[in-house]
Structure formats: structure tokens, C-alpha cells
Amino acid sequence: MLVREPRRGAAGSRRAHDEERAALDWAEIQERMLVPLYAAVYERLEIGPGARLLGLGCGAGLALVLARARGASVTGVDEGPRARLALAAERLGCSVAGAGPSREPVPPPGASVPRRDLAASGVAAAPEDVATPRLLHGSPAVLRGVDAPPYTVVTAFQPAGATAGDYETLTARLRAALPFTAHGATVVVAGWGPPERCAASTVLRVATRLADTDASLPFGPGELGAGGGWRPERRDDLEAVAARAGLRLLGSGRVACPFGYAGTAGAVRGLLSTGLFDAAIEATDAAQVDKELREALHPYTRQDGTVWMPNVFRYVVARRD
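Computed from a predicted model, the values in this text were never measured in an experiment.

Overview of the packing of helix H2 (residues 35-45) against helix H3 (residues 62-69)
(1) Moving on: Orientation of H2 relative to H3, taken along the N-to-C sense of each, is 35°, at an axis distance of 10 Å. Helix-helix and strand crossings are classified by hand; for H2 and H3 the assignment is right-handed. Contacts between H2 and H3 involve Val35, Tyr38 and Tyr42 from the former and Leu62, Ala63, Leu64, Leu66 and Ala67 from the latter.
(2) Moving on: Across the contact of H2 with H3, the residue classes tally to eight nonpolar, no polar and no charged.

And the structure:
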């Protein structure tokens, strides 16, 4: 999702307030729409006791809560607004560890990755209880400061393909996280399904139009990150990400994740909380985005006032060899 740099003074205070409000809307309204995706992946991977799960872009932490309820040991890393991580900390009963910038840059796609193979190097398990959840703010490089056994499962549930550069960013995150995983670790990445299976696509295209970006530019395995604005992924986009990260593909799946809201106001708040409309608000103003978003939601508003948008999300399962 798009994240603006914090500003100083009154503008900075307003930005912090907006981030806190958006984080609450995400946690209370929008995040639950992805629960079917989380549940399907955990069931397929048979997540349970003994699994050491690393959630990339964990946000408010609902996916981590569900994994922990199945008996897994969980760690979440997110470099987005701290407000979401603060909510994750409340849910998991732990604190958020901060981190400064990494001294070691993430290698670009195609470059060899020097791995810190914890299992092979004989590093012992962490002295503290490994079942204790951990949350870290920053890129996966912050894991260098964590004394813990290697992770056996990595998830990137934040649907890729929503903004320009998403796939390049996801590839870089995966490559940065792999040194902290065990050989044979399972990696799952998620993304939007086909446009014809995502009712939300027509609504989210409001963000593309108002931000004055072109979502029709070529975008495929050979051009990860090309184009601008929102565009549901094509068939092989996630597979290309996994391959570029050096992973071996195991399979894929599709999950129905309908967006259902009690009313238009809640739908607007939930969709705005994704961050996908930030660029549109920057290019126009909040009132204009609110107006056009409500108009786009009209076809999906039922007679009783509820809003219902059927969607399908894809995920790819891969393995680190």
C-alpha cells in the first residue's frame, strides 16, 4: 500500500491522527474480509504446533492471531504505519520492536543472496519462550537482531498487484526474509484474482482514475512493477515473484473473499483504510474521492442498504530449497 512520509508540526499531527483512524478502520472493518484467505492457506499448510511463522506486512496482525490460535509460533514484520502494528501488539499481547535502517541493502532481483542459514550454522534456539509472539517495525532486515530459530513458514498476505511496484517490493521482501528461514521452508504470497472475478475492481479503479495513472500499461512476468494505479494481477504474476525470489513453486489456489459492509459509510471507510486511495486523495481531495467512491459503490448496494462485492483472491505456495 502507499505510505506517505510523516510531516512536522500540525501537518504531522494530522497525519498521525489519520493513520490511527485508518488503522482502526482497517482492523475493525476491512481486515476481516481476508479471513477466508488466511484460513484456506493455514488449512492447506496444516499450520499448527511446531510451525514457526513469519508474517511479512503483517499490519494489524489478524492473520498472526489466527495462526497462533492454531498453535503456531508467530513473528510479524511490517514497515508501514506503526498504528497498525500497535493494534497487532494489543491483539497478541506483546510490544513492537523498532529498528533503524539496515546497513546491508536488499540485493536486486537476479543477484545472488548471501543467506544466514541458521539451521546449517548450528545456531541454538532462542533462550526465551519461542511461543512468545514478536512484532518488528521495519524491513525483514530487522530480523538480524532477533535471536530465534529459523522460520518454517513465511506468509505475505497483503494482496500484491494493487499499486505500481508492488511486485518488485514483494520480491525484495521475500529475498530479504529468506536468510532467516529453514531449508525447506514454505512461502505463501497472495494477490488479487482475475478482474472478472473481483467486483471490487471497478470500485478500486476510481483510485487509478483520480490519481491520473494508467492501469492499462503492460504488466507481466517480464515487467514486474510496470504501470501505475490499481490492477488485479494476471495469471502468472505471483509465480513470477516466487521464481525471482529463488523459490520453487509447489502449487496455487483461489479463495472467495467477498467484501460485505453494513452500509455505504462503512464501505467507504473500509476501502479508504487500505491505503489504495492515498494517491487519489493527494491528487484531488478527500471530499472528491469520497463522492466518487460512493457513486462507484452504488451498483453493489442492496435494497436494505448493505454493500456486497464478491471477490476472488489468488495465492501461490512455494518452497525454499
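Observations concerning the sheet that holds strand S4 (residues 134-137)
(1) Moving on: Pairing is mixed in the open sheet, where eight strands are placed in the order S3-S4-S2-S1-S5-S6-S10-S7. What marks the edges here is a single partner per strand, and that holds for strand S3 (96-97) and strand S7 (248-256).
(2) Moving on: Of the pairings in the sheet, the one linking strand S1 (residues 52-56) to strand S5 (residues 151-160) comprises three bridges and is parallel in character. Pairing of leucine 53 across the sheet is with valine 153, part of S5.
(3) Moving on: Across the face of the sheet, helix H6 (residues 166-177) comes into contact with S1, S5 and strand S6 (181-192) while running at roughly 170° to S5.
(4) Moving on: Across the sheet, helix H8 (residues 237-244) lies against S5, S6, S7 and strand S10 (312-319), angled at about 25° from S10, the strand it touches most.

Comments concerning the pattern of salt bridges
(1) Moving on: For the structure shown, the criterion picks out ten salt bridges.
(2) Moving on: Between arginine 269 and aspartate 25 there is a salt bridge, and its shortest N-O distance comes to 2.7 Å. Taken together, the positions of arginine 269 in helix H9 (residues 264-272) and aspartate 25 in helix H1 (residues 9-30) put the pair 244 residues apart, joining distant regions of the chain.
(3) Moving on: With relative accessibility at 41%, the residue arginine 269 sits in the partly exposed group.

Some words on the packing of aromatic side chains
(1) Moving on: What the rule picks out here adds up to five aromatic pairs.
(2) Moving on: Seen in terms of ring centroids, tryptophan 192 and phenylalanine 259 are 6.2 Å apart; in terms of plane orientation they differ by 70°. Their pairing is edge-to-face. Of the two residues, tryptophan 192 is situated in strand S6 and phenylalanine 259 in strand S8 (residues 259-261); the sequence distance between them amounts to 67 residues. The same class applies to tryptophan 192 and to phenylalanine 259, which are both buried.
(3) Moving on: Relative to phenylalanine 313, the ring of phenylalanine 259 has its centre 6.2 Å away and its plane inclined at 35°; by these criteria the two rings are tilted. With phenylalanine 259 in strand S8 and phenylalanine 313 in strand S10, this pair connects stretches of sequence that are 54 residues apart.
(4) Moving on: On the basis of relative accessibility, which here comes to 4%, the residue phenylalanine 259 falls in the buried class.
(5) Moving on: The lysine or arginine in question, arginine 84, covers the ring of tryptophan 26, its NZ or CZ lying 4.2 Å from the ring centre.

Quick notes on the rules
Residues numbered from 1 in each chain as written. Predicted model: local features only at pLDDT ≥ 70, side-chain atom pairs only at ≥ 80, totals over all residues. Heavy atoms only, no water. Axes fitted to C-alpha atoms, helices over the stretch in contact; angles between N-to-C directions. Helix = DSSP H or I, 4+ residues; strand = E, 2+ residues; numbered from the N terminus. Left-handed = near helix turned anticlockwise from the far one by under 90°. Contact = heavy atoms within 4.5 Å. Nonpolar A, V, L, I, M, F, W, Y, C, P; charged D, E, K, R; others polar. Pairing = 2+ DSSP bridges. Salt bridge = Lys/Arg side-chain N within 4 Å of Asp/Glu carboxyl O. Buried < 20%, exposed > 50% of the residue type's maximum accessible area, 1.4 Å probe, protein only. Phe/Tyr/Trp six-rings, centres within 6.5 Å; stacked < 30°, edge-to-face > 60°. Lys NZ or Arg CZ within 6 Å of the ring centre and 35° of its normal.

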